[in-house]
Amino acid sequence: MPHSLVVNFMPKTPIYPEYLTGRHIHALFLTLVSSVDKELGDRLHGEKANKGFGLSPILVMGNGSLVMGNGSSVIGKPKPKTRSQSPITNHQSPNYQSLITNYQLPIPPSTPCWWRISLLDEVLFSKLTGLWLNLNPDRAFHLGSADLYITGILGTPQSSQPWSNFATYQQIYDRASDSEKTIAFHLATPTAFRQGKYDSPLPTRDNVFNSLCDRWNTYSDIQINSEIIEYIFPSRFDIKTEVVKNYDTHTFIGCVGEIGYRILGDASPEIVKQINALADFAMFAGIGRKTTMGMGMVRRVIGNG
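What counts, and at which threshold
- Residues numbered from 1 in each chain as written.
- Predicted model: local features only at pLDDT ≥ 70, side-chain atom pairs only at ≥ 80, totals over all residues.
- Heavy atoms only, no water.
- pLDDT = per-residue confidence, 0-100.
- Contact = heavy atoms within 4.5 Å.
- Core = buried A, V, L, I, M, F, W, Y, C linked by side-chain atoms within 4.5 Å.
- Buried < 20%, exposed > 50% of the residue type's maximum accessible area, 1.4 Å probe, protein only.
- Helix = DSSP H or I, 4+ residues; strand = E, 2+ residues; numbered from the N terminus.
- Polar contact = N/O pair within 3.5 Å; in protein donor to acceptor, adjacent residues only side chain to side chain.
- Pairing = 2+ DSSP bridges.
- Axes fitted to C-alpha atoms, helices over the stretch in contact; angles between N-to-C directions.
- Parallel < 35°, antiparallel > 145°, perpendicular 65-115°, else oblique.
- Nonpolar A, V, L, I, M, F, W, Y, C, P; charged D, E, K, R; others polar.
- Arc of directions from axis to C-beta.
- Expected span 1.5 Å × (residues − 1).
- Salt bridge = Lys/Arg side-chain N within 4 Å of Asp/Glu carboxyl O.

Q: Even after reading the chapter, I still don't get the confidence of the model for the protein, so can you show me in this structure?
A: In regions of low pLDDT, the predicted coordinates are not meant to be interpreted in detail. On average, residues of the protein score 84 in pLDDT, and 84% of them reach the 70 mark or higher. In this model residues 89-96 is a low-confidence stretch, pLDDT under 50, and it forms 27 contacts with partners more than four residues away in sequence or in other chains.

Q: How should the nonpolar core be read in this particular structure?
A: Within the largest apolar cluster, 42 residues are counted, with the highest numbers of intra-cluster contacts made by Phe 29, Ile 58, Trp 115 and Leu 119. Residues within four places of Leu 119 in sequence aside, it is in contact with Met 1, Pro 2, His 3, Leu 5, Phe 29, Gly 52, Phe 53, Leu 124, Phe 125 and Leu 128. In terms of nonpolar packing, the next biggest core, distinct from the first, is built from 38 residues, Val 208, Trp 216, Ile 259 and Ile 287 among them.

Q: Looking at this model, I keep getting lost on the side chain of Thr 191. Mind explaining?
A: Along the chain, Thr 191 turns up in strand 8 (residues 182-191). Classification of Thr 191 as buried rests on a relative accessible area of 0%. For Thr 191, the side chain forms a polar contact with the main-chain oxygen of Thr 189, separated by 2.9 Å. With residues near it in sequence (within four places) discarded, Thr 191 still touches Pro 201, Gly 254, Cys 255, Ile 287, Gly 296 and Val 298.

Q: How should I be thinking about the side chain of Asn 276 in this particular structure?
A: Within the secondary structure layout, Asn 276 lies in helix 7 (residues 269-285). Judged by its relative accessible area of 1%, Asn 276 is buried. A polar side-chain atom of Asn 276 sits 2.6 Å from a polar atom in the side chain of Arg 300. Residues contacting Asn 276, with those up to four places away along its chain left out, are Ala 176, Ser 177, Glu 180, Ile 183, Ile 263 and Arg 300.

Q: What am I meant to see in the pairing of strand 13 (residues 298-301) here?
A: Neither face of strand 13 is left uncovered, since the one carrying Val 298 and Arg 300 and the one carrying Arg 299 and Val 301 both have all their residues buried. Two strands pair when backbone bridges link them, and strand 8 and strand 13 are joined in this way by four bridges, in the antiparallel orientation. Bridging across to strand 13, His 186 finds its partner in Arg 299.

Q: It is not clear to me how the packing of helix 1 (residues 22-36) against helix 2 (residues 38-46) should be interpreted in this structure. Could you clarify?
A: A pair of packed helices is characterised by two quantities: the angle between their axes and the separation of those axes. In the contact formed by helix 1 and helix 2, the axes pass within 6 Å of each other and the chain directions differ by 150 degrees. It follows from the interaxial angle that helix 1 and helix 2 lie roughly antiparallel. Between helix 1 and helix 2, the contacting residues are Phe 29, Leu 30, Val 33, Ser 34 and Val 36 on the first element and Lys 38, Leu 40, Gly 41, Leu 44 and His 45 on the second. Here the residues of the contact of helix 1 with helix 2 sort into six nonpolar, three polar and one charged.

Q: Can you help me understand helix 2 in this one?
A: Residues spaced three or four apart along an α-helix point in a common direction, a consequence of the helix completing one turn every 3.6 residues. Of all the residues in helix 2, the buried ones are Leu 40, Gly 41 and Leu 44. For helix 2, the arc enclosing every buried residue in end-on projection is 100 degrees, short of the 170-degree limit, so these residues lie on one face. In this structure, helix 2 carries Lys 38, Glu 39 and His 45 as exposed residues pointing more than 90 degrees from its buried face. Summarising the contacts, the buried residues of helix 2 are in contact with helix 1, strand 2 (53-55) and helix 3 (122-127).

Q: Teacher, can you tell me more about helix 7 here?
A: Counted at 1.5 Å a residue, the expected span for helix 7 with its 17 residues is 24 Å, and the 24 Å between its end C-alpha atoms agrees. Of all 17 residues making up helix 7, 15 are buried, and the element is well covered by its neighbours. Gly 286 sits one or two positions beyond helix 7 and adopts a positive phi of about 65 degrees.

Q: Would you take a moment to explain the pattern of salt bridges for this structure?
A: Counting across every chain of the model gives eight salt bridges. Residue Arg 289 pairs with Asp 199 through a salt bridge whose shortest N-O separation is 2.9 Å. You can see Arg 289 sitting in the loop between helix 7 and strand 13 and its partner Asp 199 sitting in strand 10 (residues 198-200), a full 90 residues away along the chain. A salt bridge links Glu 258 to Arg 236; the nearest nitrogen and oxygen atoms lie 3.6 Å apart. Within this pair, whereas Glu 258 is found in strand 12 (residues 251-263), its partner Arg 236 is found in strand 11 (residues 232-245), the two being separated by 22 residues in sequence. What makes Glu 258 buried here is its relative accessible area of 14%. Three or more residues joined by partner-sharing salt bridges are found here, namely Arg 194, Asp 199 and Arg 289.

See below:
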């Protein structure tokens, strides 16, 4: 079952920019995992591929969330829906700006912050249950020299935080439209793809949907043939390149913005459904390279294809 969790926290000391790189947020996640299951933390550290999780950069409240403040609902206590919306992703959110990820100044103490963790493997989620069931607000986690205190973890749809959600693979598939032929994505953090020996920041049809299809087939029992990608064609784009620092000395070039596709040709309703399932899955899976270091954070957008 894919989960998209949002960890709200407050730093008691400044978070300096040099500790906000992809390498440091990856290490912070492994520290969280090791706090409840050291063996699992060591295993994830040693894995080179198919890690089953994705991370956002560290973000200041209001940057990608829709309200200020640090109030949270605990996992398992969803707020009631106030209007009709997708049970998988809140497509109607008005806030689709790219997330601010390149900090030039320290994040000051007592600044409400949030951090998105996506989990594609139910086993991994169950192993981490102890983290939020036994949440200790007095325990500090460390990011460089900063002391971070978790104030809450969101795991259900929120009107104030569009990045928290969950669904089983079966639910994603069952709820996917078999008639919607317009697909658009918001690339919220820099996104890049491996092509041979090199990286490409261009979100081509093949780059985007092969990435989604590979991750879906790795963790879902409902297999989707990648040949369906042949029915997808680009229709619009509003993107730009950004440089992201994942290591102390190494940088990547990725793209942010929005890109749209259309399903063309004689695609059957079943093929249309499978493509829409992959598009809805993007919120959990991310796309492209270094999704465990804050890159490739993506959501589907309705009405902009």
